[in-house]
Amino acid sequence: MALRRIDRMADGSMLGIWQMTECEDDLPCPIGLNLSAWKNATRRLEKLCTHALLHAMTGSDLIIRTLPSGRPVTDGWEISVSHTRGWVAVYLAKNKKVGVDIEYQSDRVNRIAGRFMRSDEKQESRIGRLICWCAKETVYKLLSEEDLQYAQMRLESFVPAERGVVFVEDLMTDARIKVAYEVTEDFVLTWTDMSK
């Protein structure tokens, strides 16, 4: 079992991290999860690890379904899920919308920065760019009904650290969303929530 941690917040929300070290055959397939829907072995492993993490967090054999918009849903919880090379993150809450993103550490972010960073966002470091990318992905998931594009979000200036918060402006509605982040040697993790 590659459960790395479950953070339980005072309001009852939970943030879980799983490192995908298992093989498909090492993990139980929850009743109701149809793995044949995914031909790719990596995707199947992601689904199994995500459900194993969800079970570790809730103690229940919940199934994650996907709405036509792509947003994940499960019974009794608001949920956000993210996968990256070797890692899964799940954020759960009862009475508020949630968003989470996890991205492995690599220089790839420098090659694609022009796709997600605006000209008025200045982050010279790889870590700063990773935080920017993850924060925007997190806000996109939080506000999935808006279908925000990267250019419709702007990060306020920040100095990257191992942990902290950044603020993302939703330029469509003038909302300002606080996003927490954590940087490890393996990944960058961002998460946020919002009352319904």
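Keep in mind that what you see is a predicted model, and the values were worked out from it rather than measured.

Q: What is the right way to read the packing of helix α2 (residues 108-116) against helix α3 (residues 126-142) from this model?
A: Look at α2 against α3: their axes get within 10 Å of each other, and the N-to-C directions meet at 50 degrees. The angle between α2 and α3 falls in the class oblique. Read as a crossing pair, α2 and α3 show a hand that is left-handed. Residue-level inspection shows R108, V109, N110, I112, A113 and F116 of α2 in contact with α3, the latter providing R126, R129, L130, C132, W133 and K136. Within the contact of α2 with α3, the residues separate by chemical class into seven nonpolar, one polar and four charged.

Q: Is there a simple way to explain the sheet that holds strand β5 (residues 78-84) in this structure?
A: Pairing between the strands of a sheet is mediated by backbone hydrogen bonds and can be parallel or antiparallel. Taken together, four strands build an open sheet; the order of strands is β1-β2-β6-β5 and the sheet is antiparallel. Among the strands making up the open sheet, the edge pair consists of β1 (3-8) and β5. On average, each strand axis in the sheet is inclined to that of its neighbour by 10 degrees, with strand direction left out of account. Two strands pair when backbone bridges link them, and β5 and strand β6 (residues 87-93) are joined in this way by seven bridges, in the antiparallel orientation. Bridge pairing links I79 to L92 in β6. Each of β1, β2 (14-19), β5 and β6 is contacted by helix α1 (residues 41-58), which is oriented at about 40 degrees to β6, the strand it contacts most.

Q: Could you clarify how one ought to interpret the packing of aromatic side chains in this entry?
A: Think of a pair of aromatic rings as described by two things: how far the centres are apart, and how the planes are tilted against each other in angle. One pass over the structure, following the stated rule, counts four aromatic pairs. Seen from their ring centres, F116 and W133 are 5.5 Å apart, and the 15 degrees between their planes marks the pair as stacked. Of this pair, F116 sits in helix α2 while W133 sits in helix α3, and the two are 17 residues apart along the sequence. W133 shares its class with F116; the two are buried. The interplanar angle of 55 degrees and the centroid separation of 6.4 Å between the aromatic rings of F158 and Y181 together place this pair among those described as tilted.

Q: Is there a simple way to think about the sheet that holds strand β10 (residues 175-183) in this case?
A: Pairing in this open sheet of five strands is antiparallel, and the strands run β7-β11-β10-β9-β8 from one edge to the other. Each end of this open sheet is capped by a strand with a single partner; those strands are β7 (96-104) and β8 (153-155). On average, each strand axis in the sheet is inclined to that of its neighbour by 25 degrees, with strand direction left out of account. Looking at chain direction, strand β9 (residues 163-170) and β10 are connected through eight bridges and run antiparallel.

Q: Please clarify how the nonpolar core should be interpreted in this entry.
A: Across soluble globular proteins, you tend to see nonpolar side chains buried next to one another. Among the nonpolar cores identified, the biggest contains 25 residues, and F116, I131, V139, L155, V166, V168 and V179 are the most heavily contacted of them. Secondary structure elements with two or more residues in this core: α2, α3, β8, β9 and β10. Here this core gets eight residues from one element, more than from any other, and that element is α3. Look past the residues within four positions of F116 in its chain and what remains in contact with it is V109, E121, R129, C132, W133, K136 and Y150.

Rules behind the numbers
Residues numbered from 1 in each chain as written. Predicted model: local features only at pLDDT ≥ 70, side-chain atom pairs only at ≥ 80, totals over all residues. Heavy atoms only, no water. Axes fitted to C-alpha atoms, helices over the stretch in contact; angles between N-to-C directions. Helix = DSSP H or I, 4+ residues; strand = E, 2+ residues; numbered from the N terminus. Parallel < 35°, antiparallel > 145°, perpendicular 65-115°, else oblique. Left-handed = near helix turned anticlockwise from the far one by under 90°. Contact = heavy atoms within 4.5 Å. Nonpolar A, V, L, I, M, F, W, Y, C, P; charged D, E, K, R; others polar. Pairing = 2+ DSSP bridges. Phe/Tyr/Trp six-rings, centres within 6.5 Å; stacked < 30°, edge-to-face > 60°. Buried < 20%, exposed > 50% of the residue type's maximum accessible area, 1.4 Å probe, protein only. Core = buried A, V, L, I, M, F, W, Y, C linked by side-chain atoms within 4.5 Å.

From the geometry alone we can't say anything about function, so treat these as descriptive.
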